[in-house]
Amino acid sequence: MIKDTIANAKQSMTATVEHTREDMQTIRTGRANPNMFNGLVAEFYGSLTPIPQMASITAPEPRMLLVKPYDPSTMNEIENAIRNSDLGVNPTNDGQVLRVTIPQLTEERRKDMVKLAKSKGEEGKVAIRNIRRKGMDTIKKAVKDGEIGEDEGKSGEEELDKVTNDFVKKVDEVVALKEKELMEV
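In this convention, every chain numbers its residues from 1, walking through the sequence in written order. Local features in this predicted model are restricted to residues whose pLDDT is 70 or higher, and side-chain atom pairs enter the listing and the counts only when it is 80 or higher, whereas totals over whole chains, interfaces and linings include all residues. Hydrogens are left out, water is left out, and the side-chain values use all remaining heavy atoms of the structure.

The test is simple: UniProt positions are given in the numbering used here, feature names are shortened, and annotations may be inferred rather than shown by experiment.
The name an unreviewed UniProt entry assigns to the protein is Ribosome-recycling factor, from the organism Corynebacterium guangdongense. Per UniProt, the protein carries the Sequence similarities (unreviewed entry) text "Belongs to the RRF family."

As structure tokens, this is what we get:
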């Protein structure tokens with residue numbers, strides 16, 4: 001019973017750390033990274049569709065991305081979605097592909113991006129703590145219903161706390177890595 005609860009919590013926490021890691025990839029650094037478009041959507045035949053599903057995105061140079069739509073008729077929608085995003089980039093359209101030059105980040109913009117990374121990290125930690133709370137409630141209910149003993153419940157809670165702390169540290173490591181990447185000049 002306790003092992004199942006902790007295993008479920010670990011699985012959910014692992015998914016949360018992975019989601020936080022993916023979230024961090026959408027934050028723009030000073031380098032071209034195709035993942036920075038993962039959160040962007042554009043109009044595609046009446047519905048909003050993620051840009052990576054509408055076009056191939058490559059980084060031929062450290063500061064340039066090429067966006068080649070699978071359907072050339074969606075070029076303007078993709079261009080507008082990129083231009084209107086909060087990424088601070090301006091694509092140029094040559095009729096075949098969109099060239100997105102990644103400008104060097106200013107010190108102020110770097111600090112804003114670090115704040116954003118920390119905010120996303122905090123969201124991940126809150127999600128992990130919510131998973132912990134749900135696991136604790138399950139263990140406490142099992143003790144209350146007499147399914148397990150109080151000592152067993154107490155040790156289960158301690159183990160769940162230890163697992164939670166490990167996953168919070170993993171999120172902190174992801175944030176620290178992104179912060180280091182952002183502050184590189």
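Additional details are given in the paragraphs that follow.
**A look at the sheet that holds strand E5 (residues 92-93)**
Going by this rule: Being paired, for any two strands, means DSSP has found at least two bridges between them. Runs of H or I in DSSP of at least four residues are treated as helices and runs of E of at least two as strands, each being numbered from the N terminus. Whether two residues are in contact is decided by their heavy atoms: any pair within 4.5 Å suffices. Angles run from 0 to 180 degrees between N-to-C directions of axes, and those axes are lines fitted to C-alpha atoms, restricted for helices to the stretch in contact.
If you trace the four strands from one edge of the open sheet to the other, you get E3-E4-E6-E5, paired in antiparallel fashion. At either margin of the open sheet sits one strand with a lone partner, and together these are strand E3 (55-61) and E5. Sheet topology places E5 next to strand E6 (residues 98-101); two bridges connect them, and they run antiparallel. Counterpart to threonine 92 in the pairing with E6 is arginine 99. Against the sheet, helix H3 (residues 75-83) engages E3, strand E4 (64-69), E5 and E6, with an angle of about 10° to E6.

**Examining the pairing of strand E2 (residues 47-50)**
Each regular strand displays side chains that alternate between the two surfaces of the sheet. Where strand E1 (residues 41-44) lies against E2, four bridges are found, and the strand directions are antiparallel. Bridge pairing in E2 links alanine 42 to threonine 49. Linkage of E1 to E2, two consecutive antiparallel strands, is achieved through a turn of two residues, within which tyrosine 45 is found at a positive phi near 50°.

**Section: the packing of aromatic side chains**
For clarity, the threshold we go by: Pairing of aromatic rings covers Phe, Tyr and Trp, the last counted by its six-membered ring, and requires centre-to-centre distances within 6.5 Å; plane angles under 30 degrees mean stacked, over 60 mean edge-to-face, and any other angle means tilted. Counted as over-ring charges are cases with an Arg CZ or a Lys NZ within 6 Å of the ring centre that also lie within 35 degrees of the ring normal.
One pass over the full model with this rule turns up one aromatic pair. A cation sits over an aromatic face here: lysine 170 above phenylalanine 167, 4.5 Å from the ring centre.

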